[in-house]
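# Observations on the model geometry
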Amino acid sequence: MHKMILGSIEVLHELVQFVQQLDDDSYHCSPKPLFDSPIGNHVRHILDIYQALMQSEHNLIDYDQRRRGAEVETKRFAALKELVIIENWLLSLPQEQFDEVKIVKTEVCLSQQNSERFTSTLGRELCFASSHATHHLALLVAIARSLSVQVNGQLGIAPATASFLRQQADLTD
């Protein structure tokens, strides 16, 4: 398995583990004033990034397409089902597609609607999606803790941090 695929699958498995630890109320509760968005909205956002990669047409990856209000925001089972679909897509990707040139479209301004287009590759965007998911997962752990939900505190650790922690452990052995 290609290491980029492995990285995405690892973080998606962490997300599955996290979502399975929640109950439905925790999944769609907004713990104000600390957080404005419920866990389900963040999960939907992670899924939207992967969906943009899966649905890219004519070599265009459109990160501006969001599914706000979709079932995956409020129903854990829908999010878990979609995570399986994304994993199956990742496992079916031929390695030669990783270097294919893509055009990435994304909004770049807060004050007005303004999108830019950039060149990238599917491999680079898979790397971004995995990193993006990891950082959201770290935030999701914080939201869950604010709701008094016990979750695995090791979720959402970046790969470079995991390597650093392994090196530190080797030094103490």
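In case you missed it, the structure is sitting above this.
This write-up is about the structure you can find in this document. Every chain's residues receive numbers from 1 upward, in the order its sequence appears when written. With the structure being a predicted model, the display of local features is reserved for residues of pLDDT at least 70 and the display and counting of side-chain atom pairs for 80 or more, all residues being used for whole-chain, interface and lining totals. Only hydrogens and water are set aside when side-chain values are computed; all heavy atoms of the structure are taken into account.

### Quick notes on the packing of helix α1 (residues 3-20) against helix α5 (residues 122-146)
Packed helices, taken two at a time, are described by the angle their axes make and the gap between the axes. The following threshold applies: Note on method: axes are straight lines fitted to C-alpha atoms, helices fitted across the in-contact stretch only, with angles between N-to-C directions ranging 0 to 180 degrees. Helix and strand definitions follow DSSP, with helices as H or I runs of at least four residues and strands as E runs of at least two, each counted in order from the N terminus. Roughly parallel refers to an angle under 35 degrees, roughly antiparallel to one over 145, roughly perpendicular to one between 65 and 115, and oblique to any angle outside these ranges. It is the rotation of the near helix from the far one that decides the hand of a crossing: anticlockwise by less than a right angle makes it left-handed, clockwise makes it right-handed. By definition in these notes, contact holds between two residues if any of their heavy atoms fall within 4.5 Å. Each residue is assigned to one class: nonpolar for Ala, Val, Leu, Ile, Met, Phe, Trp, Tyr, Cys and Pro, charged for Asp, Glu, Lys and Arg, and polar for all the others, Gly among them.
The interhelical angle for the contact between α1 and α5, taken along N-to-C directions, is 20°, at an axis separation of 9 Å. In terms of orientation, α1 lies roughly parallel with respect to α5. For the element pair α1 and α5, the recorded crossing hand is left-handed. Every residue of α5 that contacts α1 at Met4, Ile5, Gly7, Ser8, Val11, Glu14, Leu15 and Phe18 is listed here: Gly123, Arg124, Leu126, Cys127, Ser130, Ala133, Thr134, Leu137, Leu140, Val141 and Ala144. Here the contact of α1 with α5 is built from residues that sort into twelve nonpolar, five polar and two charged.

### Some thoughts on unusual backbone geometry
Convention followed: With a 1.4 Å probe rolled over the protein chains alone, any residue whose accessible area is under 20% of its type maximum counts as buried; one over 50% counts as exposed, and the rest are partly exposed.
In this chain, Lys32 is followed by Pro33 through a cis amide linkage whose omega measures 5°. Residue position: Pro33 is located in the loop between α2 (24-27) and α3 (39-54). Non-glycine residue Asn59 carries a positive phi angle of around 60°. Within the secondary structure, Asn59 is located in the loop between α3 and β1 (60-62). The partly exposed category is assigned to Asn59, whose relative accessible area is 37%.

### Details of the sheet that holds strand β3 (residues 115-121)
Our working rule: At least two bridges found by DSSP between two strands is the condition for calling them paired.
Judged by pairing direction, the sheet is mixed, and its three strands sit side by side in the order β1-β2-β3 without closing on themselves. Here the strands that pair on one side only, and so sit at the sheet edges, are β1 and β3. Between one strand axis and the next, the sheet turns by 25° as a mean value, whatever way the strands run. By the bridge criterion, seven bridges tie strand β2 (residues 101-107) to β3 in an arrangement that is antiparallel. Its bridge partner being in β3, Val101 is matched across the sheet by Thr121. Against the sheet, α5 contacts β1, β2 and β3, and its axis sits at roughly 110° relative to β3.

### Regarding the nonpolar core
Here is the rule we go by: Among buried residues, those of type Ala, Val, Leu, Ile, Met, Phe, Trp, Tyr and Cys that are joined through side-chain atoms within 4.5 Å constitute a nonpolar core.
Residues Phe18, Tyr50 and Leu90 are the most contacted members of the largest nonpolar core, which totals 45 residues. Put simply, the parts of the chain that give this core at least two residues each are α1, α3, α4 (76-92) and α5. Apart from residues lying up to four places away in sequence, Tyr50 is in contact with Ser8, Val11, Leu12, Ile86, Leu90, Ala129, Ser130 and Ala133.

### A short note on the pairing of β2
Selection criterion: Handedness rule for crossovers: strands pointing away from the viewer, path from the first strand over the helix to the second running clockwise, crossover right-handed.
Here three bridges tie β1 to β2, and the two strands are oriented parallel to one another. When the sheet's bridge partners are listed, Asp62 is paired in β2 with Lys105. Each parallel crossover has a hand, and for β1 linked through α4 to β2 it is right-handed.

### Focus on the environment of Arg67
Within the element layout of this structure, Arg67 appears in the loop between β1 and α4. Measuring from C-alpha to C-alpha, the distance between Arg67 and Arg44 comes to 7.5 Å, with 23 residues separating the pair along the chain. Not counting the four nearest positions on each side in its chain, Arg67 is found in contact with Arg44, Leu47, Asp48, Gln51, Val72, Glu73 and Glu82.

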